[in-house]
Amino acid sequence: MPKQVDHDERRREIGDAVCRVIAARGLDTVSLRHVAAETGVSMGRVQHYFATKDEMLMFAFDLISERVEARLGAVHSDDPATYLRAILLELLPLSPAARAEAPVLAAFLAQAVVEPRFAEVLRRGNDEMVVWLAGLIAAVRPGGDPKRDAAALLAFADGLMLQVLIGQVSPEAAEELVDHQLSLVLTRSRHTGSGTRSDSSPARA
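Residues numbered from 1 in each chain as written. Predicted model: local features only at pLDDT ≥ 70, side-chain atom pairs only at ≥ 80, totals over all residues. Heavy atoms only, no water.

## Re helix 1 (residues 7-25)
Since the α-helix packs 3.6 residues into each turn, any two residues three or four apart lie on the same face.
Here comes step 1: Taking 1.5 Å of rise per residue, 19 residues should cover 27 Å, and helix 1 covers 27 Å from first to last C-alpha, within 8% of that figure.
Here comes step 2: Of the residues making up helix 1, those classed as buried are I14, G15, D16, A17, V18, C19, V21 and I22.
Here comes step 3: On its buried face, helix 1 sits against helix 2 (32-39), helix 3 (43-49), helix 4 (53-73) and helix 6 (96-111).
Here comes step 4: Phi turns positive, to about 100°, at G26, one or two residues after helix 1. (Helix = DSSP H or I, 4+ residues; strand = E, 2+ residues; numbered from the N terminus. Expected span 1.5 Å × (residues − 1). Buried < 20%, exposed > 50% of the residue type's maximum accessible area, 1.4 Å probe, protein only. Contact = heavy atoms within 4.5 Å.)

## Things to note about the UniProt feature "DNA-binding region" (unreviewed entry) in the protein
Here comes step 1: Per the UniProt entry, the sites bearing "DNA-binding region" (unreviewed entry) are residues 31-50 in this numbering.
Here comes step 2: Structurally, residues 31-50 is divided into 75% helix and 0% strand, and its ends, taken at the C-alpha atoms, are 12 Å apart. (UniProt positions renumbered as here; feature names shortened; annotations may be inferred.)

## What to know about the packing of aromatic side chains
Here comes step 1: Within the structure shown, the criterion is met by 5 aromatic pairs.
Here comes step 2: Centre to centre, the rings of F108 and F118 are 5.1 Å apart; their planes meet at 75°, and the pair counts as edge-to-face. With F108 in helix 6 and F118 in helix 7 (residues 116-140), this pair connects stretches of sequence that are 10 residues apart. Here F108 and F118 have matching classes, each one buried.
Here comes step 3: Here a set of aromatic residues connected by ring pairs shows up, and it is made of F61, F108 and F118. (Phe/Tyr/Trp six-rings, centres within 6.5 Å; stacked < 30°, edge-to-face > 60°.)

Quick look at the structure:
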């Protein structure tokens, strides 16, 4: 009997190839020809699974987003402060998996400036992360404005990711900066700043 083709697996293989092309050459260079060569199949085979380049890019974006979510989901600690630190470090290109994914994420972040579909997904993901991290901050340091602090930590992590990628900050220095930033956030006085929230519950989106 002829071998059964796993179409979902083939689509993921092509999505992986798109991510490798983006990581090596940038998002603007992605083409059916490059992806076909990277996958080791014909252009016709790529077009069989993806009718357009945009469809192929959106699938790759969803694929890389799933992988980042899976990495973050694997992080855990019973201590909220340790948990928070581990999440922030996992957002940086420090581990082999994160280093492989970071150039692709950076390319999609840049594309989101002009592509509303990417921007909307990234905004939703960021909002969910803010709520998640705010809960951990509130567990360590009741009072203050945990949602604001969580948003600031995520913005800090995004910028630091890019600096590590271009070699401006070493992995070792990045870890020290994370510890410094967390120390500022987690030891902040309950009443620091004007208009600071004083409730102990994480703010909701």
